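Secondary and tertiary structure notes
These are the residues of each chain, in order.
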Amino acid sequence: MSRAARLIAIGWRHHVRNLTASRFFVVTSVFLPILLSTVAFFMFRAGAREGTLLYASLGAGVMGIWSSTLFGSGGAISWARREGTLEVLVVSPAGYFWVLLPQTIATASIGLYSLVATLVWGRLLFGVPFAIAHPLAFVVSIPVTVLGLGMLGLLMASTFVLYRHANALSNMLEFPVLFVSGLLVPLSALPVWVRPVGWLLAPTWGMRAVRAAALGGNPWPPMGVTVGLAGAYLTLGALFLRLFLRLARERATLALT
Amino acid sequence: MTSAPAMTGARATLRVCLVGGLISYRALFNWISPALYIPTMLLGPVFQILFFVYLGRFVQLRDDSFFVVGNAVQISGMSGVYAGVMAIANERQFQTLSALLASPANRPALFIGRALPVIANGLIVSAWGFGVSALLLHFRPAASSLAPLALVVLVSVVSCTAWGLTLGSLGMRFRDVFMIANLAYYLMWVFCGVNLPESALPTAMVWIGRALPMTHGIQAAREIAAGGSLGGAAGLIGVELGIAAAYLVAALLLFRLFELEGKRRATLEQA
């Protein structure tokens, strides 16, 4: 196994175990999406629009992955700052990028809990049918979406190095991304100015891929876009991290809380 | 001239309430800065309103006003629940709880004083939500509705703050009070009719919602925003006030209970 792959695998395992030991994190990433999905189920059921509850169920599930990613990525640097480990991690021989990358993938992976929980919740309580149009594509679309969201988390986390109140920013970003990425409301139903913003976000395309795989349609093009965006986020995240870490060290603001 | 030790009775209680409340707010929330406040309390809630208004339009459930009013009132709960919890639970976290409990301060005055800045903050957040909705979503209640609407929001914020103080009292005993606050805040979305009419919810959920803060306040606000009179919504406002009083009493009783238990078991400062 190459050095990078080993760092990612060990870092991912460490962060998954660490985060799932936190009741606060698990409740936030699993229970809250279930509550949101419950609201969505009731709204879809009571509304006049014809349609499948599976549409809402999948949207609410991806919302859970987003919540987990946002919370974990926003917290990654803040927690390290608070625990006094940020400087040690930054000067580690591996480089901080290889510390942060598995952490953001781990937070998005934990969001899978919420996807599964939301689907099970919808099936048990609301009788949401779980009939998948393209099972293979569905199975592929989930990790692709997680990857896309994880890389978006990395990009965000890299910019949080310079921002002391990263948690506040991550609190703020929850609804904007839910809004502009069409997780429950399609982009076509949103204001025109929102759509180009949504196109730049991996959750938009990951959601399209998951829905096309589950409800019918061609899931492969949106999956390709998700992977492409993940690559772009990864590149930008690495560049930003290098730039912002240098600035934070020059200004001696790295450890400031 | 009245000396400080002689300053007793109503004046001392008022001082604990107003001056003590303000000082404790500044001390417990000294970490709040514009860089924290603006994203969390102002920008995030705007997108919450937009999200649910557009979701409501998409599923064709109700008109925009239903979601604007529900969410603009509910976002004040962020202040009520979280700040209400922190107003008590942070004393434990900051290791100042013992000093506070050793003081002879009147406990209801202590509670109400801590609630006042939280209530003021909730009003600001809710007013911001309504203001932005007027700009972005053309939410236009009649001018004559504005004062009654403000009164209903005030009652709802008071009620929610009392609920937050009740949860905060649990922080005297339980470690994970912020997790409880998180759950309580989000449960309000499901049960309090923020985005759902009662007719869309199962009966059991409707009854749970009726025991929670904001449910009646949101209903009253919707009636008034739709052109109803304050008198017409008086029943709902009265129930909301009753719920506020009940939670305030519960908060005081729990606080007293956990104070006595904490002293007896020497666990007050145990994190």
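As the structure is a computational prediction, the values presented were derived from the model and not from experiment.

Residues and elements named next belong to chain B. Overall, the coordinates contain two cavities of 30 Å³ or more when judged by the stated rule. For the largest cavity, the calculated volume is near 40 Å³. Around the largest cavity, the lining residues are Ala87, Ile88, Glu91, Leu100, Leu110, Phe111, Arg114 and Phe255. For the second largest cavity, the calculated volume is near 30 Å³. What lines the second largest cavity is simply Phe191, Cys192, Gly193, Glu198, Leu201, Met205, Val206 and Thr215. Taken together, the residues that form the lining of the second largest cavity break down as five nonpolar, two polar and one charged.

A few words on the interface of chain A and chain B. Counting residues at the interface gives 34 residues for chain A and 35 residues for chain B. When the two sides are added together, the surface that chain A and chain B hide from each other amounts to roughly 3300 Å², 83% of it contributed by carbon and sulfur. Counting across the chain A and chain B interface gives zero salt bridges. Scanning the region where chain A abuts chain B turns up zero residue pairs in polar contact (both at pLDDT 80 or more). Secondary structure elements with two or more residues in the side of chain A that touches chain B: α2 (23-46), α3 (53-83) and α7 (166-180) of chain A. Class assignment for the residues of the side of chain A that touches chain B results in 27 nonpolar, five polar and two charged.

Tracing the sequence through the fold places Ser57 of chain A in helix α3. If sequence neighbours within four positions are ignored, Ser57 of chain A has contacts with Phe41, Thr118, Leu119 and Val128 of chain A.

Here we come to unusual backbone geometry. Residue and element names in this part refer to chain B. Positive phi, close to 55 degrees, is recorded for His138, a residue that is not glycine. For His138, the location among the structural elements is in the loop between α6 (107-137) and α7 (143-170). When its relative accessible area of 58% is taken as the criterion, His138 is described as exposed. The backbone phi angle of Met214 is positive, close to 85 degrees, even though this residue is not glycine. Turning to its location among the elements, Met214 is positioned in the loop between α9 (203-210) and α10 (215-225).

Turning next to the environment of Ile180 of chain B. Residue and element names in this part refer to chain B. Mapped onto the fold, Ile180 is located in helix α8 (residues 177-191). Given a relative accessible area of 26%, Ile180 falls into the partly exposed group. The sequence separation of Ile180 and Asp63 amounts to 117 residues, and the corresponding C-alpha distance is 33 Å.

This part is about the packing of aromatic side chains. All names here are of chain B. Going through the model one piece at a time under the given rule, you end up with 24 aromatic pairs over all chains. Ring centres 5.0 Å apart and planes at 90 degrees place the aromatic pair Phe111 and Phe255 in the edge-to-face group. Highlighted residues: Phe111 in helix α6 and Phe255 in helix α11 (residues 234-265), separated in sequence by 144 residues. Grouping residues by exposure puts Phe111 and Phe255 together as buried.

Before going further, it helps to spend a moment on the layout of surface pockets. All names here are of chain B. In this structure, the second largest pocket occupies an estimated 330 Å³ of space. Around the second largest pocket, the lining is made up of 18 residues, and of these Gly20, Leu100, Ala105, Leu110 and Arg114 lie nearest the centre. Listed by contribution, the elements that provide at least two residues to the lining of the second largest pocket are α1 (9-28) and α6. By residue class, the composition of the lining of the second largest pocket is nine nonpolar, seven polar and two charged.

Rules and cut-offs
- Note on numbering: residues in each chain are counted from 1, in written sequence order.
- A letter from A marks each chain and a number from 1 marks each ligand, given out in the order of writing.
- In view of the model being predicted, local features appear only for residues whose pLDDT reaches at least 70, and side-chain atom pairs are presented and counted only at 80 or more, with totals across whole chains, interfaces and linings using the full set of residues.
- Hydrogen atoms and water are omitted, and side-chain values are computed over all heavy atoms in the structure.
- The way it works is a 1 Å grid over only the protein atoms, where trapped points that fit a 1.4 Å probe form a cavity and open points with protein on both sides within 12 Å along at least five of seven lines form a pocket, and then any residue with an atom within 4 Å of a point lines it.
- Grid points are joined across faces, edges and corners, and a volume is the space filled by probe spheres set on the points.
- Classes in brief: Ala, Val, Leu, Ile, Met, Phe, Trp, Tyr, Cys and Pro nonpolar; Asp, Glu, Lys and Arg charged; the others, Gly included, polar.
- Any two residues whose heavy atoms approach within 4.5 Å are treated as being in contact.
- Accessible-area loss on putting two parts together, using a 1.4 Å probe and summing over both, is the definition of buried area adopted here.
- Within this document, salt bridges are pairs made up of a side-chain nitrogen of Lys or Arg and a carboxyl oxygen of Asp or Glu, the two lying within 4 Å of each other.
- Residues adjacent in sequence count toward polar contacts only when both atoms are side-chain atoms; beyond that, a polar contact is any pair of N or O atoms within 3.5 Å, and within protein one must be able to donate a hydrogen and the other to accept it.
- Starting at the N terminus, helices and strands are each numbered in turn, a helix being any DSSP run of H or I of at least four residues and a strand any DSSP run of E of at least two.
- Residue exposure (1.4 Å probe, protein chains only): buried if accessible area is under 20% of the type maximum, exposed if over 50%, otherwise partly exposed.
- Aromatic rings from Phe, Tyr and Trp, with only the six-membered ring used for Trp, were paired whenever their centres fell within 6.5 Å, and each pair was classed as stacked if the ring planes differed by under 30 degrees, edge-to-face if by over 60, and tilted otherwise.

This is a description of form; function is not addressed.
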